[in-house]
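Observations on the model geometry
Each chain is listed here by its residues.
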Amino acid sequence: MSELFGIIGNPIAHSLSPLLQNEAYQLNEIDAYFQAFHVEHEDVETAIKGMKAIGIKGFMVTVPYKAKVIPFLDEVDAIALKKGAVNIVQLIDGKYVGYNFDGEAWLQGLLEDMNRQSLHEESILILGAGGAALSIYHTLSQYGELRIDIANRTIERANALKEVGGDHKYTNVLSLEEAESMQYQYDVIVQTTSIGMWPDIDQSPIHITKLKKDAFVSDIIYNPAETKILKQARQNGARTQNGMKMLALQNALSIEKWTGRKVNYQQMMASLHKALS
Ligand code: NAP
């Protein structure tokens, strides 16, 4: 019998994960189907119980339920617990176990596009302090010698994020205005707010005017493919990256976890380009 996997969120109609996953199953001859499930806020617990009852072996979790699902899972991996957010759930020995791969997927994509094996003494600026920023900060904090500054509209949220990262030695919390004026200090800037996402494509958390030589600017938004901040960064000579690779890598990682099969995420990138062009 075919396996069923899925994703829960609200709204969910825009999710590209069903396209990526079902294409990957076909190409890799995996006998499975992936379904998006729109779940209302008050129904999250019931939805999870229902998925277990009908034998769903794994599901992804997206906005706004990455934190909300935690009390309804049987176990949560220590890293996801620390990040306070789950984005992939796997059924193991009858128990739903939650994981968070946002940060790892982003970092893998960054290193690939920077053509690097690792990060060493870079100065990194994270714009935003929401769920995705938290996961990225936590992942980056494993590299002790990095300077990782956080800029956010709500300063208290950025301070809270600094705590979660294990009080990384070299972190300053900044306003978005301060970050804008200090932009030339950073080797890597990662934009994790929802500003600039379609349809608000003329907005940007900071204006890019003067970057450090050889700076790399990453925006985890993938629609549009080039946000305003990425366009300004490119025009100012930076190498840039959007959120497509992070999304594709997350989907590839989830398939590997659920089925033990490694799939080629480049194929997913091609599908994303096609779907969004
Ligand atoms: P979240 O937890 O809701 O955080 C949103 C962040 O955006 C916060 O830092 C918030 O600042 C900031 N923000 C929102 N509106 C703002 C405004 N008008 N002015 C200033 N700051 C504003 O969301 P998330 O889960 O981290 O996701 C953030 C973005 O990343 C979304 O666009 C999502 O689609 C994308 N994402 C992409 C991937 C991928 O695979 N490519 C994965 C995860 C997320 P405050 O704290 O001040 O409210």
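Computed from a predicted model, the values in this text were never measured in an experiment.

**Remarks on the overall build of the protein**
Summing up its helical and strand segments, the protein has ten helices and twelve strands in all. The C-alpha radius of gyration computed for the protein amounts to 19 Å, which stays within 12% of the reference 19 Å derived for 277 residues, consistent with globular compactness. Projecting the C-alpha coordinates of the protein onto the three principal axes gives extents of approximately 55 × 40 × 35 Å. For the protein, with 277 residues in total, the buried portion stands at 52%. Taking the intrachain contacts of the protein between residues at least 6 apart in sequence as the baseline, contacts between residues at least 24 apart amount to 66%.

**Looking at the packing of aromatic side chains**
Each aromatic ring pair is described using two quantities: the centre-to-centre distance and the angle formed by the ring planes. Considering all chains together, one arrives at five aromatic pairs under this definition. Plain terms: the ring middles of F59 and Y96 are 5.1 Å apart, the flat faces sit at 85° to each other, and that makes the pair edge-to-face. Residue F59 is found in strand 3 (residues 58-61), and its partner Y96 is found in strand 6 (residues 95-99); the two are separated by 37 residues along the sequence. The class of F59 is buried, set by a relative accessible area of 0%. Site record: aromatic cluster; members linked through ring pairs are F5, Y25, F34 and W258. Sitting above the plane of the Y99 ring, K257 keeps its charged end 4.2 Å from the centroid.

**A short note on the pattern of salt bridges**
All chains considered together, the criterion is met by 15 salt bridges. When the shortest N-O distance is used, the salt bridge between D149 and R147 registers 2.8 Å. Looking at D149, the relative accessible area reads 0%, which means it is buried. Since its relative accessible area comes to 21%, R147 is described here as partly exposed. In this structure, D187 and K212 form a salt bridge, with 3.1 Å as the shortest nitrogen-oxygen distance.

**Concerning the packing of helix 4 (residues 102-114) against helix 5 (residues 131-140)**
Contact geometry of helix 4 with helix 5 gives a least axis separation of 7 Å together with a crossing angle of 65°. Relative to helix 5, helix 4 is oriented roughly perpendicular. Judged by the twist between their axes, the crossing of helix 4 over helix 5 is right-handed. Packed against helix 4, whose contacting residues are D102, G103, E104, W106 and L107, the element helix 5 presents A132, S135, I136, T139 and L140 at the interface. Classifying every residue of the contact of helix 4 with helix 5 gives five nonpolar, three polar and two charged.

**Remarks on the pairing of strand 10 (residues 188-191)**
Each regular strand shows side chains that alternate between the opposite faces of the sheet. Both faces of strand 10 are covered, namely the face carrying V188 and V190 and the face carrying I189 and Q191. Pairing of strand 7 (residues 123-127) with strand 10 involves four bridges; the strand directions are parallel. In the strand pairing of strand 10, I126 is matched with V190. Of the pairings in the sheet, the one linking strand 10 to strand 11 (residues 216-219) comprises four bridges and is parallel in character. Note on strand 11: the bridge partner recorded for V188 is F216.

**A short note on the sheet that holds strand 9 (residues 173-174)**
Within a sheet, adjacent strands bond to each other through the backbone by hydrogen bonds, running parallel or antiparallel. Taken together, the six strands give an open sheet; going across it, the order is 9-8-7-10-11-12, and neighbouring strands pair in parallel fashion. Edge positions in the open sheet fall to strand 9 and strand 12 (239-241), since each of these has one partner strand only. Bridge count for strand 11 against strand 12 is three bridges, and the pairing is parallel. Looking at strand 12, one finds that V217 is bridged to T240. Contacting strand 7, strand 8 (147-151) and strand 10, helix 5 runs over the sheet at an angle of about 165° to strand 7.

Cut-offs applied
Residues numbered from 1 in each chain as written. Predicted model: local features only at pLDDT ≥ 70, side-chain atom pairs only at ≥ 80, totals over all residues. Heavy atoms only, no water. Helix = DSSP H or I, 4+ residues; strand = E, 2+ residues; numbered from the N terminus. Rg over C-alpha atoms; globule rule 2.2 N^0.38 Å. Buried < 20%, exposed > 50% of the residue type's maximum accessible area, 1.4 Å probe, protein only. Contact = heavy atoms within 4.5 Å. Phe/Tyr/Trp six-rings, centres within 6.5 Å; stacked < 30°, edge-to-face > 60°. Lys NZ or Arg CZ within 6 Å of the ring centre and 35° of its normal. Salt bridge = Lys/Arg side-chain N within 4 Å of Asp/Glu carboxyl O. Axes fitted to C-alpha atoms, helices over the stretch in contact; angles between N-to-C directions. Parallel < 35°, antiparallel > 145°, perpendicular 65-115°, else oblique. Left-handed = near helix turned anticlockwise from the far one by under 90°. Nonpolar A, V, L, I, M, F, W, Y, C, P; charged D, E, K, R; others polar. Pairing = 2+ DSSP bridges.

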